[in-house]
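# Structural characterization, general
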Amino acid sequence: MDLRIFTEPQQGASYDTLLTVAKATEDLGFDAFFRSDHYLSMGAADGLPGPTDAWITLAGLARETRRIRLGTLMTAGTFRWPGVLAIQVAQVDQMSGGRVELGLGAGWFEEEHRAYGIPFPKEKFGRLEEQLAIVTGLWETEPGKTFTYEGRYYQLTDSPALPKPAQAKVPVLIGGHGATRTPRLAARYADEFNIPFASLEDTERQFGRVRAAAEEAGRRPDDLVYSNALVVCVGKDDAEVARRAAAIGREVDELKENGLAGSPAEVVDKIGRYAAVGSSRIYLQVLDLHDLDHLELISSQVQSQLG
């Protein structure tokens, strides 16, 4: 089971804070540092000192880390033109020496679009499908050849399809709870399917749909990685769990029900139950980015038991 650190900087985090967490992620032996792609805080968070851009952040981290994978859960398709996104991701992949992964989603948070003057189209899923075709098509185009695409939403003519990523294949992540179109899209484009904040039952059901869609598309279902994203709140004892839950404005019982919360032993047991339904990677949503002791505890007493 791979454990990855997943942050939500729109809730309030500077680049320096994210760099500190990314370096701790690397030093403590976690597999990767991922971040959300949002420009507006949610819930009661004040969002101070203000948003950071996902790909500018990852470009900086690419030069200041050496081992960990870097990526997004999920880049919002509404924020970037697909040709520009292909250039951005390829450049950051080069800057990192080939450690980037692209999670790409349709975009959903209408308020942040209004707040920053970003169009929020009605038909987002069709755009996402074209974006995936374009981004992957640009990367796959042989050097010296050009890429042309005629879609409903995007048109590219004789693109030189440059630059190329450092990796021969940048892993593409697709995720969500959709019962039909999401599995079909994952079967066509994804190297990894991620389901966020889902119960064991919903996880097993959705993984089954993706596996069936992959088989129908002529792919081996086991060629995809299957992963979860879950909030994490671990403590050495009940008092520490309660303190960490209070720090992120959540209730312990709710966190235990909907995430990975409790003692290291409780969390290891629940991770095992996700593994039993097919998950091989978990993105730990860390909401208090100043509590580095939390990461150390997870590393030493949870990750160490997973093998």
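Look above for the structure.
So, here's what we can say about the structure. (Residues numbered from 1 in each chain as written. Predicted model: local features only at pLDDT ≥ 70, side-chain atom pairs only at ≥ 80, totals over all residues. Heavy atoms only, no water.)

## Describing the environment of Gln-303
Position of Gln-303 relative to the elements: it lies in the segment after helix H11 (292-301). In the structure, Gln-303 is positioned 161 residues away from Glu-142 in sequence and 41 Å away in space, judged by C-alpha atoms. Dropping the residues within four chain positions of it, Gln-303 is found in contact with Leu-3, Leu-28, Gly-29, Phe-30 and Ile-298. (Helix = DSSP H or I, 4+ residues; strand = E, 2+ residues; numbered from the N terminus. Contact = heavy atoms within 4.5 Å.)

## Regarding the environment of Ala-276
Checked against the element boundaries, Ala-276 lands in helix H10 (residues 264-276). Once the C-alpha coordinates of Ala-276 and Val-231 are considered, the two residues, 45 residues apart in sequence, prove to be 19 Å apart.

## Here's the deal with the packing of aromatic side chains
Counted according to the given criterion, the structure contains eight aromatic pairs. Ring geometry for Phe-34 and Tyr-283: centres 5.0 Å apart, planes at 70°, overall edge-to-face. With Phe-34 in strand S2 (residues 32-35) and Tyr-283 in strand S12 (residues 281-286), this residue pair connects regions lying 249 residues apart in the sequence. What makes Tyr-283 buried here is its relative accessible area of 0%. Taking 5.9 Å as the distance between ring centres and 90° as the angle between the ring planes, the aromatic pair formed by Trp-81 and Tyr-154 counts as edge-to-face. Here Trp-81, found in the loop between strand S4 (75-76) and helix H3 (82-96), pairs with Tyr-154, found in the loop between strand S6 (147-150) and strand S7 (155-159); they are 73 residues apart in sequence, far enough to count as distant. Residue Trp-81 is classed as exposed on the basis of its relative accessible area of 59%. On the basis of relative accessibility, which here comes to 7%, the residue Tyr-154 falls in the buried class. Three or more aromatic residues link up through ring pairs in this structure, and these residues are Tyr-39, Phe-79 and Tyr-116. (Phe/Tyr/Trp six-rings, centres within 6.5 Å; stacked < 30°, edge-to-face > 60°. Buried < 20%, exposed > 50% of the residue type's maximum accessible area, 1.4 Å probe, protein only.)

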